[in-house]
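Residue-level structure breakdown
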Amino acid sequence: GAVVSQHPSWVICKSGTSVKIECRSLDFQATTMFWYRQFPKQSLMLMATSNEGSKATYEQGVEKDKFLINHASLTLSTLTVTSAHPEDSSFYICSAPGGGNQPQHFGDGTRLSIL
Amino acid sequence: QKEVEQDPGPLSVPEGAIVSLNCTYSNSAFQYFMWYRQYSRKGPELLMYTYSSGNKEDGRFTAQVDKSSKYISLFIRDSQPSDSATYLCAMSVNTGANSKLTFGKGITLSVRP
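Residues numbered from 1 in each chain as written. Chains lettered and ligands numbered in written order. Predicted model: local features only at pLDDT ≥ 70, side-chain atom pairs only at ≥ 80, totals over all residues. Heavy atoms only, no water.

**Observations concerning unusual backbone geometry**
With an omega of 0 degrees, the peptide bond running from His7 of chain A to Pro8 of chain A counts as cis. Structurally, Pro8 of chain A is set in the loop between strand 1 (4-7) and strand 2 (10-13). A positive phi angle, near 45 degrees, is found at Ser83 of chain A, a position not held by glycine. Locating Ser83 of chain A in the fold gives a position in the loop between strand 8 (76-81) and strand 9 (90-97). In this structure, Arg41 of chain B is a non-glycine residue whose phi angle is positive, near 65 degrees. Relative to the assigned elements, Arg41 of chain B resides in the loop between strand 4 (32-38) and strand 5 (45-50). (Helix = DSSP H or I, 4+ residues; strand = E, 2+ residues; numbered from the N terminus.)

**What about the environment of Gly61 of chain A?**
Residues and elements named next belong to chain A. Here Gly61 is to be found in the loop between strand 6 (57-58) and strand 7 (67-73). Overall, the relative accessible area of 77% leaves Gly61 in the exposed class. Measuring from C-alpha to C-alpha, the distance between Gly61 and Ile21 comes to 20 Å, with 40 residues separating the pair along the chain. (Buried < 20%, exposed > 50% of the residue type's maximum accessible area, 1.4 Å probe, protein only.)

**Let's talk about the sheet that holds strand 8 (residues 71-76) of chain B**
Residue and element names in this part refer to chain B. Spatial ordering of the open sheet is given by 1-3-8-7-6, a layout of five strands whose pairing is antiparallel. Edge positions in the sheet fall to strand 1 (4-6) and strand 6 (54-58), since each of these pairs with one other strand and no more. This sheet shows a mean twist of 15 degrees between the axes of neighbouring strands, independent of strand direction. Across three bridges, the pairing between strand 1 and strand 3 (residues 19-25) is antiparallel. Bridging across to strand 3, Gln6 finds its partner in Cys23. (Pairing = 2+ DSSP bridges. Axes fitted to C-alpha atoms, helices over the stretch in contact; angles between N-to-C directions.)

**A word on the pairing of strand 3 (residues 19-25) of chain A**
Residues and elements named next belong to chain A. Alternating residues of strand 3 divide into Val19, Ile21, Cys23 and Ser25, all buried, and Lys20, Glu22 and Arg24, none buried. Pairing geometry for strand 1 and strand 3, over four bridges, is antiparallel. Across the sheet, residue His7 finds its bridge partner in strand 3, namely Glu22. Alignment of strand 3 against strand 8, held across six bridges, turns out to be antiparallel. For Arg24, the partnering residue across the bridge sits in strand 8 and is Leu76.

**Focus: the packing of aromatic side chains**
Inspection of the entire model under this criterion finds 11 aromatic pairs over all chains. For the pair Tyr36 of chain A and Phe106 of chain A, a centre-to-centre distance of 5.5 Å together with 50 degrees between the ring planes defines the contact as tilted. Of this pair, Tyr36 of chain A sits in strand 4 (residues 32-38) while Phe106 of chain A sits in strand 10 (residues 104-106), and the two are 70 residues apart along the sequence. For the pair Tyr36 of chain A and Phe106 of chain A, one class covers both residues: buried. When the ring of Phe106 of chain A is compared with that of Tyr36 of chain B, the centres are 5.1 Å apart and the planes differ by 90 degrees; the resulting orientation is edge-to-face. On the criterion of chain membership, the pair formed by Phe106 of chain A in strand 10 and Tyr36 of chain B in strand 4 is interchain, its members lying in two chains. The class of Phe106 of chain A is buried, set by a relative accessible area of 9%. For Tyr36 of chain B, a relative accessible area of 0% translates into the label buried. Three or more aromatic residues joined by ring pairs form one cluster here, namely Tyr36 and Phe106 of chain A together with Tyr36 and Phe103 of chain B. The cationic tip of Arg111 of chain A hangs over the ring face of Phe91 of chain A; the distance from NZ or CZ to the ring centre is 4.7 Å. (Phe/Tyr/Trp six-rings, centres within 6.5 Å; stacked < 30°, edge-to-face > 60°. Lys NZ or Arg CZ within 6 Å of the ring centre and 35° of its normal.)

See below:
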């Protein structure tokens, strides 16, 4: 089945630093990937749609200059949280459709803690 | 009114019980319906995927969709402690690259040995 790999799984860093999260489709190509954020005991909230070879599409209220998305290849999308602050601490999850009419498959998420 | 409403939890049942999880939705354009299971500190794992009204069975799991009532359900038979997790319903208008998902809030299930 379709497998999505996300790295790192957990990162702790100081306020003001930038953090890059990678999302890879391991056995299929993904022209589109999705980035979500999940706060404790809450559901997933879509942040942006990552499009291979073009600009990402951001959901309302998501700062595109803070959450930089790059989708340079058919198997890799990256999310960079720039100048991270404690309120950016959350669980970030990516997903990709498995091809054809398959639904989205999710990575295992990245737990980001900003001190 | 939220687009997708999911029964609130948490839910605790004894091992072997039949579990019924439900979601309602308001957007009649939704055509594709999914149930995901999420263990703590992990990403969601696809359990069931349906795109028509009716029932779909996979092992101990049955997904039911009623488009006329805008209502979907997931039934778990012979529940096991390993089924303890958060269950999320999700739906979309399209598939593939245009499959932006709308999630329910999720319900945490605990199966007691």
